[in-house]
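# Structural overview for review
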Amino acid sequence: MSVATPNDTTANDAQADPVVVALMQRFGERAFVEQATLIGMPVLWVARDSLIDVLRFLREMPEPFNMLFDLSATDERLRGNRQGLPDSDFTVFYQLLSVSRNRDIMLKVALAESDLEVPSSVSLYPNANWYEREVWDMFGVTFHGHPHLTRILMPPTWMGHPLRKDHSARATEFDPYTLTVEGQDKEQQALKFDPEAWGMRRGGEDSEFMFLNLGPNHPSAHGAFRIVLQLEGEEIVDCVPDIGYHHRGAEKMGERQSWHSYIPYTDRVDYTGGVMNNLPYILAVEKLAGITVTDRARTIRVMMAELFRINSHLLFLGTYLQDLGAMTPVFFTFTDRQKAYEVIEAITGFRMHPAWFRIGGVAQDLPKGWDRLMQGFVDWMPKRLAEYERAMMENAIVRERTRNVVAYSTAEALEWGVTGPNLRATGCNFDLRKQRPYSGYENFDFEVPLGGNGDVFDRGQVRIEEMRQSLRIIQQCIDHMPDGDYKADHPLTTPPPRDKMLQHIETLITHFLQVSWGPVLKPNESQQMIEATKGINSYYLTSDGNTMSYRTRIRTPSFPHLQQIPAVMRGGFVPDLIAHLGSIDFVMADVDR
Amino acid sequence: MAYTLTRADDAMAADNARYPLGERQRVEDPLDQQVHRSVFTGKLEEVLHSAVNWGRKNSLWPYNFGLSCCYVEMTTAFTAPHDIARFGSEVIRASPRQADFMVIAGTCFIKMAPVIQQLYDQMLEPKWVISMGSCANSGGMYDIYSVVQGVDKFLPVDVYVPGCPPRPEAFLQGLQLLQDSIQEERRPLSWVVGDQGVYRAEMPSQREKWRDQRIQTTELRTPDSI
Ligand code: SF4
């Protein structure tokens, strides 16, 4: 009993795509090489010289590609299976998204190792800035015309480019870490902020600016995040966010963990999102493996993902209000989270990082009595949400403090790659669960809450509404949980069903290999985008026909959200910045990975 | 009971000295000698130490410092369902100068290590460190280029709490273990009274302490029902 999801399309329908047709008409067929993949969007290789023109064309066409969704690179030097693709040592790829068309397109640029330079696209897409810095940091590719091409994730004193295939992955391959008194001084000096390097002036016409260093450890920075403020009195003239204090090399890790054993690492990317993080990864792997999961598994996944959405939003709500100065709500929301964890623990056996989804299904069937427990939580929440709304969101002080504070429009949001509740707070109706349903979301009845002003208040209110909608989805899961297996009957389902193992020696050997080495996936590329707790999260996997990924690209929502801060904070006040930080809802693991 | 002695003046370090600074040395309980020399002053000192330590261990103020996922479970311990106030540690301080102990809750990144060291240096004695979670204990599942394989590569750690992440209850247990060890400490009673070294008791390993009891477990609950 299994139904294909709409975006399970395996055929690449690039030819039929009107955007590709328009591009071919404008630049000629010879300008592109099409690549057939499982990514679910046209993938075109373009020459480096025409890249900027192509990007501009897409940016300015009717119903434009107004968001640079992702930009990163791949070290292709060790890749065995790339028949029919242009020669390339390093490939830089650009994924563009058009909200009005609800379509994406991916452009790839091939580079030779001797000439690693690409023109910068910052003038077309301002959020390319950080992505290009990341590519420089991780691969050593230069972007011509970039305003400030420096390291972003690694320390300024770092040598080498970690995502290159010839860079060691393990810390234990390096000398053991030591910190000396002298080294400490040197590192502290390197962390010093130099305004001139950022083209900042130290004073205005008749005043001197103050440079305030906030972080990397600050109670309202939500983790290891640093932002340097250029202040004139209380007013923020400019600011420079500094990230990379939480870089755990999750992408490099994917190149050495088997497809199966990488699942726990995904939990820790958006660490308040739990199994929600497993979902895009598992779905992308299942595309590569060609697995269609059962209805029961899909519904269980949706239910658990939505429960974690509520859990994450509760954490948001508590800390958001705390950043505004309200001490008490956090104690209430954490009580609710405890209730959610009781359900999560009963079902998955773990609290924060269950790593509970599996290639082809979930780890276990739902335990007896799960529905009673889940119903208890679903019944508990609505009156709490109503209370939060009455006590806080209708509270005159909170309203005054948040309304029209750090407001931005839909156009600005898209320009900076903002997605998720922060985008919907501006009134833009773009929720992947509706726009591109995955894992069976098309079968559920729910609404997409929208804001209108895109201010701190709306970002909070939208999330409270979202919790209500998630409760609705969970209620439908409880009422209509399909029967059947919790794992797909497919040779690549990992771990394979145990009862099959015990038949004879052949099945035993196969089982052993699949558990120890893990499944081998055919060479191809796939991607899955999902509406995660904080915005759109995607995993872009490249398989080279091995037991592990050749390249794992994780696009996280919080990275662009932080990049946008200076654009909306210039001219604002310091307390507004704190309110804004609280309303973004980010965790640093979701930024630095 | 065996003690580890760190002398205060050892903290003056040369450029190439490595963190954690100060030489450590295993010694016997300094009070034993006192008692042998004079029963009266020896006992008096013991009572004084025990009174001071009792005060210290029951009003530990944590530094508000978090690195990653483990920090979420740490803050959970501060909120109503777990209520760390039961152990006198609810007064979170945003400034290292006012804090008594620091919990390294999360992954210790190479980029972050000098910052952690700086913050630790800014805390005033007496100060303690709890390493919370596998990442802080040993690097955990992140044997990767950007992660220090355990915060004890440069900080002196008093208590290790295992788990990825440890449950809030485990963190609270870690806090109680720290309290137990503080009760046994011998710190200078004043800057003019007696020996100026810090004597930390070597506390028994919890794994060894519970092993016999734990291996008695023969039946585990099935996950098929709640
Ligand atoms: S020990 Fe686990 S939960 Fe804690 S910071 Fe490390 S990865 Fe996160």
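All figures in this text were calculated on a predicted structure; none of them were measured in a lab. (Residues numbered from 1 in each chain as written. Chains lettered and ligands numbered in written order. Predicted model: local features only at pLDDT ≥ 70, side-chain atom pairs only at ≥ 80, totals over all residues. Heavy atoms only, no water.)

Now for the interface of chain A and chain B. Opposite the 64 residues of chain A that make contact, chain B presents 55 residues. The contact between chain A and chain B buries some 5,100 Å² in all, and 64% of this surface belongs to carbon and sulfur atoms. A per-residue breakdown of the area chain A buries against chain B is headed by Tyr 177, Asn 217 and Arg 248 of chain A, which together make up 14% of the total. Here Glu 73 of chain B and Arg 351 of chain A are joined by a salt bridge, their closest N and O atoms 2.7 Å apart. Put simply, chain A and chain B have 23 residue pairs in polar contact (both at pLDDT 80 or more) between them. Elements with a minimum of two residues in the side of chain A that touches chain B: helix H4 (181-190), helix H5 (250-253), helix H6 (263-267), helix H9 (329-348) and helix H10 (370-393) of chain A. Sorting elements by how many residues they give to the side of chain A that touches chain B places H9 of chain A first, with 8 residues. (Contact = heavy atoms within 4.5 Å. Buried area = accessible area lost by both parts, 1.4 Å probe. Salt bridge = Lys/Arg side-chain N within 4 Å of Asp/Glu carboxyl O. Polar contact = N/O pair within 3.5 Å; in protein donor to acceptor, adjacent residues only side chain to side chain. Helix = DSSP H or I, 4+ residues; strand = E, 2+ residues; numbered from the N terminus.)

How big an interface is tends to be reported as the loss of accessible area on association of its parts. Residue and element names in this part refer to chain A. According to the domain assignment, chain A contains domain 1 (2-121) and domain 2 (250-592). If you average the C-alpha positions of domain 1 and of domain 2, the two centres end up 27 Å apart. Taken together, the contact between domain 1 and domain 2 spans 38 residues of the former and 37 residues of the latter. A combined buried area of about 3,000 Å² lies between domain 1 and domain 2, and 51% of that area is made up of carbon and sulfur atoms. For the interface between domain 1 and domain 2, the tally reads 4 salt bridges. The shortest N-O distance in the salt bridge between Asp 104 and Arg 436 comes to 2.7 Å. Summed over the shared surface of domain 1 and domain 2, the number is 18 residue pairs in polar contact (both at pLDDT 80 or more). (Domains from an automatic or database assignment.)

On to the UniProt feature "domain: NADH-quinone oxidoreductase subunit D" (unreviewed entry) in chain A. This chain's UniProt record puts "domain: NADH-quinone oxidoreductase subunit D" (unreviewed entry) on residues 323-593 of chain A. The annotated region residues 323-593 of chain A carries 49% helix and 10% strand content, and the separation between its end C-alpha atoms amounts to 24 Å. (UniProt positions renumbered as here; feature names shortened; annotations may be inferred.)

In this section: the site of the ligand. The ligand sits among 15 residues. The nearest are Cys 69, Cys 70, Cys 135, Cys 164 and Pro 165 of chain B. Looking at the residues close to the ligand, they fall on chains A and B. Under a 2 Å grid-point criterion requiring more than half of the atoms, the pocket assigned to the ligand is the second largest cavity. Of all the secondary structure elements, the ones that give two or more residues to the shell around the ligand are helix H3 (69-78) and helix H5 (134-138) of chain B. Residue composition of the shell around the ligand, grouped by class: 6 nonpolar, 7 polar and 2 charged. (Near = heavy atom within 4 Å. 1 Å grid on protein atoms, 1.4 Å probe; cavity = no way out; pocket = protein on both sides within 12 Å on 5 of 7 lines; lining within 4 Å. Sits in = over half its atoms within 2 Å of the grid points. Nonpolar A, V, L, I, M, F, W, Y, C, P; charged D, E, K, R; others polar.)

A few words on the nonpolar core. Among the nonpolar cores identified, the biggest contains 207 residues, and Tyr 94 and Met 304 of chain A together with Phe 154 of chain B are the most heavily contacted of them. Residue contributions to this core peak at 15 residues, all from helix H8 (residues 295-323) of chain A. Counting 20 residues, the second-largest nonpolar core is a separate cluster that includes Leu 60, Phe 78, Val 103 and Phe 171 of chain B. (Core = buried A, V, L, I, M, F, W, Y, C linked by side-chain atoms within 4.5 Å. Buried < 20%, exposed > 50% of the residue type's maximum accessible area, 1.4 Å probe, protein only.)

With that settled, consider the layout of surface pockets. Which parts of space are left empty comes out when a probe the size of a water molecule is rolled across the atoms. Its boundaries defined by the atoms lining it, the largest pocket holds a volume of some 1,500 Å³. Along its surface, the largest pocket is lined by 48 residues, and Pro 156, Val 157, Asp 158, Val 159 and Arg 200 of chain B are the ones closest to its centre. Elements with a minimum of two residues in the lining of the largest pocket: strand E1 (2-7), helix H4 (113-122), strand E5 (159-161), helix H6 (168-183), strand E6 (197-201) and helix H7 (206-215) of chain B. Tallied by class, the residues present in the lining of the largest pocket amount to 22 nonpolar, 11 polar and 15 charged. Taken together, domain 1 (1-7 + 21-58) and domain 2 (61-186) of chain B each give at least three residues to the lining of the largest pocket, which thus spans both. Its boundaries defined by the atoms lining it, the second largest pocket holds a volume of some 870 Å³. Lining the second largest pocket are 34 residues, with Thr 319 and Gln 322 of chain A together with Asn 64, Tyr 71 and Thr 75 of chain B positioned closest to its centre. Looking at the lining of the second largest pocket, the elements with two or more residues in it are H8 and H9 of chain A together with H3 of chain B. A per-element tally of the lining of the second largest pocket places H8 of chain A first, with 5 residues. Classifying every residue of the lining of the second largest pocket by side-chain character gives 17 nonpolar, 13 polar and 4 charged. (Points joined across faces, edges and corners; volume = space filled by probe spheres on them.)

Looking now at unusual backbone geometry. All names here are of chain B. Residue Pro 126 follows Glu 125 across a cis peptide bond; omega there is -5°. Inspection of the secondary structure assignment puts Pro 126 in the loop between H4 and strand E4 (128-132). Along the chain, Cys 164 connects to Pro 165 via a cis peptide bond; the corresponding omega equals -10°. As for its position among the elements, Pro 165 is in the loop between E5 and H6.

Residue and element names in this part refer to chain B. A surface patch of nonpolar side chains, amounting to about 850 Å² of accessible area, comprises Phe 40, Leu 44, Leu 48, Val 52, Leu 189, Trp 191, Val 192 and Val 193. With respect to the helices and strands, Val 193 occurs in the loop between H6 and E6. On the basis of relative accessibility, which here comes to 43%, the residue Val 193 falls in the partly exposed class. (Patch = residues over 30% accessible without salt bridge, like charges linked within 9 Å, V, L, I, M, F, W, Y side chains within 5 Å. Areas by Shrake-Rupley, 256 points an atom, 1.4 Å probe, with all protein chains shown as cover.)

Per the UniProt record, the feature "binding site: [4Fe-4S] cluster" (unreviewed entry) sits at Cys 69, Cys 70, Cys 135 and Cys 164 of chain B. For the residues just named, distributed over 96 residues, the greatest C-alpha separation is only 9.9 Å, placing them together at one site. Looking only at the residues we just named, the second largest cavity is lined by Cys 69, Cys 70, Cys 135 and Cys 164 of chain B. Along the chain, the position of Cys 69 of chain B falls in helix H3. When sequence neighbours within four positions are dropped, the list of residues in contact with Cys 69 of chain B reads Arg 248, Arg 268, Tyr 271, Met 352 and His 353 of chain A. Tracing the backbone shows Cys 164 of chain B in the loop between E5 and H6. According to the relative accessible area criterion, Cys 164 of chain B is partly exposed, its value standing at 22%. Other than its neighbours up to four places away in sequence, Cys 164 of chain B contacts Arg 268, Phe 350 and His 353 of chain A together with Ser 134 and Met 141 of chain B.

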